[in-house]
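Next come the chains, spelled out residue by residue.
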Amino acid sequence: MSSIRPWRDIARRKSRQIMVGAVPVGGDAPITVQTMTNTPTSDAVATIDQIRRCEEAGADLIRVSCPDVESTAAFKKIAKAARVPLIADIHFHYKRALEAADAGAACLRINPGNIGSSDRVAEVVRAAKANGCAIRIGVNAGSLEKDLLEKYGEPCPEALVESALDHIKLLQDHDFHEYKVAVKASDVFLAVAAYMGLAEAVDCPLHLGITEAGGLIGGTVKSSIGIGNMLWAGIGDTLRVSLSAEPEEEVRVGFEILKSLGLRTRGVRVVSCPSCARQGFDVIRTVEALEKRLTHIKTPISLSVLGCVVNGPGEARETDIGVTGGGNGKHMVYLSGVTDHHVQSEEMLDHIVTLVEQKAAEIEAATTDAGSVTEAAE
């Protein structure tokens with residue numbers, strides 16, 4: 001069957017599916033959004049608090065660094081408190097992987113070639129199998145193996161792909177197949193080319209990211225270009241937006257990228273104008289306030305906020321709730337694309353928040369009722 005809007009279609013690369021805890025990654029599963037804590041893992045209370053904020057922002061998976069024995073000792077308490085599966089980031093020492101697997105990690109982030117001999121890799125694989133852990137192979141342009149740098153002269157797509165394939169073989173030699181792979185770089189061109197090459201060479205799930213992307217604004221732009229490019233091409237099963245910002249901001253940006261491409265629909269999608277002299281209210285401040293006050297909404301809802309009637313009515317027709325600026329502080333409110341009523345400037349912000357909350361409750365109730373009917377029919 002042909003699509004109504006073929007110019008919006010994204011044909012996802014076919015990958016096999018693995019499980020990270022209770023979360024499926026790859027195959028036809030939703031593309032998951034990850035982040036990473038930055039508190040000392042040995043401080044379980046601070047780490048759990050940060051994990052809770054990331055969960056509230058919508059994180060599907062959260063990575064926790066385990067550089068030392070104090071971290072893996074605290075990991076058990078952290079994993080029990082977390083509501084989403086945790087990925088233990090193992091740097092070099094294979095014993096940390098063994099400890100994290102026993103402590104409740106759903107996935108181990110390692111480079112098999114960095115943790116020593118084949119015997120040590122075999123130990124990690126045994127621990128992963130025994131505890132139901134997946135493994136994420138993390139190749140990074142900034143830490144490529146010396147032999148590959150000598151062979152290629154510099155980090156390049158071919159070098160990153162070869163490194164990934166070498167690490168994959170180490171796991172396959174031990175009959176381990178529950179893995180996903182990343183080939184990250186801070187250079188957008190390098191990262192995209194490497195992922196494109198890897199996508200053709202393997203069938204495992206791919207973890208997307210532009211590493212060391214930068215601060216909130218610069219890093220968001222770089223990540224959106226790189227990750228968005230790959231997602232649009234159908235590549236990617238899980239992602240992390242790497243920002244020099246709080247982890248929950250990484251989650252929000254990740255979802256915004258997915259929402260922009262129609263790949264995930266969590267929360268409020270805001271359509272708003274950049275504002276100009278025609279605006280009937282302060283669009284910029286209104287949108288800022290609405291975004292802050294609507295972060296608790298998880299239900300997919302579209303909201304248009306337009307300052308005047310030039311594009312306002314047209315955009316409002318395509319959204320669940322819309323507001324268009326009018327004269328004398330009197331603005332038009334649209335519900336399901338139809339003009340419904342007016343609201344005054346001083347009441348507008350609270351009024352729109354209330355409308356969104358009511359709409360979310362209606363959608364949730366309808367979804368619950370539909371689920372109950374389906375269960376009854378079965």
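See the structure above.
Let me begin by describing the structure that accompanies this report.

Thresholds, definitions, all that
- Numbering of residues starts from 1 in every chain and runs along the sequence as written.
- Totals for whole chains, interfaces and linings use every residue, but because this is a predicted model, local features are given only for residues with pLDDT of at least 70 and side-chain atom pairs only at 80 or more, for both listing and counting.
- The basis for every side-chain value is the complete set of heavy atoms in the structure, and neither hydrogens nor water enter the calculation.
- Pairing between strands requires that DSSP locate at least two bridges from one strand to the other.
- Comment: elements are numbered from the N terminus, with helices defined as DSSP H or I runs of at least four residues and strands as E runs of at least two.
- In what follows, a contact means two residues having at least one pair of non-hydrogen atoms within 4.5 Å.
- Note on geometry: axes are lines fitted to C-alpha atoms, helical ones only across the stretch in contact, with angles between N-to-C directions running from 0 to 180 degrees.
- Within this analysis, patches are made of residues with over 30% relative accessible area and no salt bridge. Like charges are joined at 9 Å or less; nonpolar side chains (Val, Leu, Ile, Met, Phe, Trp, Tyr) at 5 Å or less.
- All accessibility values rest on the Shrake-Rupley procedure with a 1.4 Å probe; residue burial counts only the protein chains present in the view.
- A pair is scored as a salt bridge if a Lys or Arg side-chain nitrogen falls within 4 Å of a carboxyl oxygen belonging to Asp or Glu.
- Burial classes: relative accessible area under 20% of the type maximum marks a residue as buried, over 50% as exposed, and values in between as partly exposed (1.4 Å probe, protein chains only).
- By definition here, a helix of n residues has an expected span of 1.5 Å times n minus one.
- Here the bend at each residue means the angle between axes fitted to two seven-residue stretches, the one ending at that residue and the one beginning there.
- Identification of polar contacts relies on pairs of N or O atoms within 3.5 Å, with a donor-acceptor requirement for protein atoms, meaning one able to donate a hydrogen and the other able to accept it, and with residues adjacent in sequence counted only if both atoms are side-chain atoms.
- Orient the strands so they point away from the viewer; a crossover is then right-handed if the path from the first strand over the helix to the second runs clockwise.
- Whether two aromatic rings pair depends on their centres lying within 6.5 Å, for rings of Phe, Tyr and Trp, where Trp uses its six-membered ring; planes under 30 degrees apart make the pair stacked, over 60 edge-to-face, and the rest tilted.
- By the criterion adopted, a ring carries a charge over it if an Arg CZ or a Lys NZ lies within 6 Å of its centre and within 35 degrees of its normal.

Once that is clear, we can look at the sheet that holds strand β8 (residues 179-184). The eight strands lie next to each other as β8-β7-β6-β5-β4-β3-β10-β9, forming an open sheet whose pairing is parallel. With partners counted over all chains shown, the strands left at the sheet margins are β8 and β9 (207-208), one partner each. Of the strand pairs in this sheet, strand β6 (residues 107-110) and strand β7 (residues 134-140) are connected by four bridges, and their pairing is parallel. Pairing of R109 across the sheet is with R136, part of β7. Helix α1 (residues 44-57) rests against β3 (32-36), β4 (61-65) and β5 (86-89) of the sheet, and its axis sits at about 155° to β4.

Side chains of L216, I217, V221 and I225 sit close together on the surface and give an oily, nonpolar patch of about 390 Å² of accessible area. Topologically, L216 is positioned in helix α8 (residues 216-232). Residue classification places L216 among the partly exposed residues on the basis of a relative accessible area of 38%.

Attention now goes to helix α2 (residues 69-81). Note on helix geometry: an α-helix contains 3.6 residues per turn, so any two residues three or four positions apart are oriented the same way. Taking 1.5 Å of rise per residue, 13 residues should cover 18 Å, and α2 covers 19 Å from first to last C-alpha, within 8% of that figure. Of all the bends in α2, the greatest measures close to 35° and is centred on F75. Those residues of α2 that sit buried are S71, T72, A74, F75, I78 and A79. On its buried face, α2 is in contact with α1, β4, β5 and α3 (94-102).

Before going further, it helps to spend a moment on the sheet that holds strand β14 (residues 330-335). Taken in spatial order, the five strands line up as β11-β12-β13-β14-β15 in an open sheet, and their pairing is mixed. Edge positions in the sheet fall to β11 (268-272) and β15 (338-344), since each of these pairs with one other strand and no more. Taken over all neighbouring pairs, the strand axes of this sheet differ in orientation by 20° on average, direction set aside. Contacts between helix α10 (residues 283-293) and the sheet are confined to β11 and β12 (301-306), with β12 contributing the most and set at about 160° to the helix.

Before going further, it helps to spend a moment on helix α7 (residues 188-201). In this model, α7 (14 residues) spans 20 Å end to end at C-alpha, consistent with the 20 Å of a helix rising 1.5 Å per residue. For α7, every residue scored as buried is listed here: V188, L190, A191, V192, A194, Y195, L198 and A199. In this structure, the buried residues of α7 make contact with α6 (157-172), β8, β9 and α8. The backbone nitrogen of F189 has a side-chain oxygen 2.9 Å away, supplied by the residue at the start of α7, namely D187.

Let's shift gears to the pairing of β6. Burial along β6 is two-sided: C107 and R109 facing one way and L108 and I110 facing the other are all buried. Where β5 meets β6, three bridges bridge the pair, whose relative direction is parallel. Its bridge partner lying in β6, D89 is registered against R109. In terms of handedness, the path from β5 via α3 over to β6 forms a crossover that is right-handed.

For the coordinates displayed, the defined rule picks out 18 salt bridges. For R96, the salt bridge identified is with E99, shortest N-O distance 2.8 Å. Of the two residues, R96 and E99 are both situated in helix α3; the distance of three residues between them amounts to about one turn of the helix. One connected set of salt bridges, linked through shared partners, spans R52, E55, E56 and R83.

What follows concerns the packing of aromatic side chains. Under the criterion given, the structure shown has zero aromatic pairs. The ring of Y179 has R16 sitting right over it, with the charged end atom 4.7 Å from the ring centre. The lysine or arginine in question, R266, covers the ring of F255, its NZ or CZ lying 5.6 Å from the ring centre.

This part takes up the side chain of D89. When you line up the elements, D89 lands in strand β5. A relative accessible area of 5% means that D89 is categorised as buried. Sequence-distant contacts of D89, defined by excluding residues within four places in its chain, comprise M36, R63, V64, S65, C66 and R109.

Looking now at unusual backbone geometry. A positive phi angle, close to 55°, is found at D175, a residue other than glycine. Here D175 is to be found in the loop between α6 and β8. Despite not being glycine, S275 has its phi angle at roughly 80°, a positive value. The residue S275 is located in the loop between β11 and α10 in this model.

The next subject is the pairing of β7. For β7, a buried count of seven out of seven residues is recorded, marking the element as mostly surrounded by other parts of the structure. Of the two faces of β7, the one lined by A134, R136, G138 and N140 and the one lined by I135, I137 and V139 are each fully buried. In this sheet, β8 lies alongside β7 in parallel orientation, the contact comprising six bridges. Residue pairing in the sheet places G138 in a bridge with A182 of β8.

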